[in-house]
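Structural description and commentary
For reference, the chains in residue letters:
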Amino acid sequence: MLPLDPTLFGEIDPPQRLLMGPGPVNAHPRVLRAMSADLLGQFDPEMTDYMNQVMALYRPIFGTDNRWTMLIDGTARAAIEASLVSLVTAGDTVLVVNFGRFGLLLQEILARIGAVVVTVDAPWGETVPLDAIAAAIDRVGPKIVATVHGDTSTTMAQPLDGLGDLAHAAGALLYVDATATIGGMEMASDRWGADIVTGGLQKCLGGPSGSAPITISDRAADHIFARRHVEAGIKAAGMTDGAGPRIGSNYFDLAMIMDYWSEKRLNHHTEATSMLYAARECARIMLGEGLEARYARHARAGRAVTAGLRAMGLTVFGDDAYRMTNVTGVYIPEGVDGERIRTMMREAFEIEIGTAFGPLAGKIWRIGAMGYNAARHKVLITLGALEACLRREGHGLPAGAAVDAAMEAWEG
Ligand SMILES: *Cc1c(COP(=O)(O)O)cnc(C)c1O
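Please read these numbers as outputs of a predicted model, since none were measured by experiment.

Scanning the protein chain from terminus to terminus reveals 14 helices and 13 strands. Here the protein chain has a C-alpha radius of gyration of 22 Å; the compact-globule value for 412 residues is 22 Å, and the two agree. The principal-axis extents of the C-alpha atoms in the protein chain amount to approximately 75 × 55 × 50 Å. In the protein chain, which comprises 412 residues, the share counted as buried stands at 55%. A separation threshold of at least 6 residues defines the contact pool for the protein chain, and within that pool the share at least 24 residues apart is 71%. Accessible surface, the protein chain: about 17,000 Å² in total, of which carbon and sulfur atoms supply 53%.

The next thing to look at is the nonpolar core. Grouped together as the largest cluster of nonpolar side chains are 88 residues, with contacts concentrated most on Tyr58, Ile216, Leu254 and Trp261. For this core, the element with the most residues is helix α10 (residues 273-289), which contributes 9 residues. In this structure tyrosine 58 touches Thr69, Leu201, Leu205, Pro213, Ala279, Cys282 and Ala283, once residues within four positions along its chain are discounted. In terms of nonpolar packing, the next biggest core, distinct from the first, is built from 32 residues, Met312, Met344, Ala369 and Trp410 among them.

Once that is clear, we can look at helix α11 (residues 291-311). Helix length check: α11, at 21 residues, gives a terminal C-alpha distance of 30 Å against a target of 30 Å (1.5 Å per residue), a fit within 8%. Within two residues after α11, glycine 313 carries a phi angle of roughly 85°, on the positive side.

With that out of the way, let us pick up the sheet that holds strand β3 (residues 93-98). Spatially, β2-β10-β9-β8-β5-β3-β4 is the arrangement adopted by the 7 strands of the open sheet, whose pairing is mixed. In this open sheet, the two edge strands, each paired with only one partner strand, are β2 (68-73) and β4 (116-121). Each strand of the sheet is rotated relative to its neighbour by a mean of 20°, with strand direction disregarded. Taken together, the 4 bridges between β3 and strand β5 (residues 144-148) define a ladder with parallel strand orientation. Paired with valine 97 across the bridge in β5 is threonine 147. Helix-sheet contacts for helix α5 (residues 130-140) involve β3, β4 and β5, and the interaxial angle to β3 is about 165°.

The next subject is the pattern of salt bridges. Under the counting rule described, the total for this entry stands at 19 salt bridges. Notably, a salt bridge pairs arginine 284 with glutamate 281, separated by 3.0 Å at the nearest N-O pair. Remark: glutamate 281 and arginine 284 occur in helix α10; sequence separation between them is 3 residues, near one turn of the helix. For arginine 284, a relative accessible area of 38% corresponds to the partly exposed category. Bridged by salt links that share partners, the residues Arg30, Glu281 and Arg284 form one connected network.

Glancing now at the site of the ligand. By nearness alone, 13 residues border the ligand, and Thr75, Thr152, Asp177, Gln202 and Lys203 come closest of all. The contact in question runs from an oxygen atom of the ligand to an N or O atom on the side chain of threonine 75, over 2.5 Å. Measuring from an oxygen atom of the ligand, one finds a side-chain N or O atom of glutamine 202 at 2.6 Å. In the complex, 88% of the free accessible area of the ligand, which totals 390 Å², lies under the protein chains. For the shell around the ligand, the per-class residue count stands at 5 nonpolar, 5 polar and 3 charged.

What follows deals with the environment of tryptophan 410. Locating tryptophan 410 in the fold gives a position in helix α14 (residues 401-411). For tryptophan 410, a relative accessible area of 11% translates into the label buried. Aside from chain neighbours lying at most four places away, what touches tryptophan 410 is Arg297, Arg300, Ala301, Arg303, Ala304, Ala374, Ala375, Arg376 and Val379.

To continue, consider a nonpolar patch on the surface. On the surface, Leu4, Leu8 and Phe9 cluster together into a nonpolar patch covering about 380 Å² of accessible area. By the secondary structure assignment, leucine 8 is in the segment before β1 (18-19). Taking the relative accessible area as the measure of exposure, leucine 8 reaches 55% and is therefore exposed.

Rules of the game
- Residues numbered from 1 in each chain as written.
- Predicted model: local features only at pLDDT ≥ 70, side-chain atom pairs only at ≥ 80, totals over all residues.
- Heavy atoms only, no water.
- Helix = DSSP H or I, 4+ residues; strand = E, 2+ residues; numbered from the N terminus.
- Rg over C-alpha atoms; globule rule 2.2 N^0.38 Å.
- Buried < 20%, exposed > 50% of the residue type's maximum accessible area, 1.4 Å probe, protein only.
- Contact = heavy atoms within 4.5 Å.
- Areas by Shrake-Rupley, 256 points an atom, 1.4 Å probe, with all protein chains shown as cover.
- Core = buried A, V, L, I, M, F, W, Y, C linked by side-chain atoms within 4.5 Å.
- Expected span 1.5 Å × (residues − 1).
- Pairing = 2+ DSSP bridges.
- Axes fitted to C-alpha atoms, helices over the stretch in contact; angles between N-to-C directions.
- Salt bridge = Lys/Arg side-chain N within 4 Å of Asp/Glu carboxyl O.
- Near = heavy atom within 4 Å.
- Polar contact = N/O pair within 3.5 Å; in protein donor to acceptor, adjacent residues only side chain to side chain.
- Nonpolar A, V, L, I, M, F, W, Y, C, P; charged D, E, K, R; others polar.
- Patch = residues over 30% accessible without salt bridge, like charges linked within 9 Å, V, L, I, M, F, W, Y side chains within 5 Å.

This is how it looks when you write it as structure tokens:
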């Protein structure tokens, strides 16, 4: 055997970074404390009580009365994949509302399922008008319409009011990836008419990545249970399978996961106990603050970031009317090396801001103010640091203007 590197025995002792990118962000200390609580057996009544509490706590957060509101164990992508693999069968036509990287992710997952994927697109930095989606639904006749709510890659938030009605009128179900907006921008799953909405903890909910809240309408639940195939090892007498095709993944089989979260408590995976504690604490913190206050705090933070960047003379990316409140893209000024600035921000100020993907790589930075980090002092410190780094790199700026403008915008 090769000798072990002595640094492997060092305790985990990460630097105290301020994570002001598009996620993950710093977890609320209450969430970290909840995660260190004692473990329970998965069918312990205390544990199943906690599971039921999580279901109740996440309904208002999703803006829904859906019975099936729970957690998928895994990062946000786990809930996206569980939704799509459980809704869609090979050969089904799916319409993807595509306006950024995560619209591309939906297509990639759907292609693996064998769906026929049709897209209705907007360039990065814009959203897709509702009438364009309506026309595409008419033309394509999809079984599922899939969209992202806020696409962090472009910082745009797709308006969703009316979309569920359009989908349902055409006999389709609506899936929404709300990972980047849940906890920071209004979730109105029922009003949108969304059949499945999924999230993650590591953005505006202010937790670590690794648990993905999900809500499922009764309409979608009927569709999923028609595909129920109970695992042989746990199948009891009298359990009959659905007539639909078996869901092509065991871990992400929503029918089995719903049976586990129901009073049947049919064993599937072992619920990730510490992550459930984290998700529960994220929800308690959010509901304690109040939904309106929470959304207003994110909007204030976004306003302050935008005002600060503009006061520096920088150009904010994307259509103002549809920008997410919790993450802001900004053009890297001409002649400035974006990665050098990010490195300087990290090394001199212990602050992380985001880079960008695809067509925006090297063109914009992304600055998030999400969850526990959507706080005035964190926004001001980040803007002050960015200004200092730009000035040090020889980029002329009006000194102090960003912080002044952000302080004003925070109040306004
Ligand atoms: C961040 C993000 C994800 C990320 O999923 P993870 O699996 O948690 O990394 C998915 N969708 C959107 C819209 C996001 O912003």
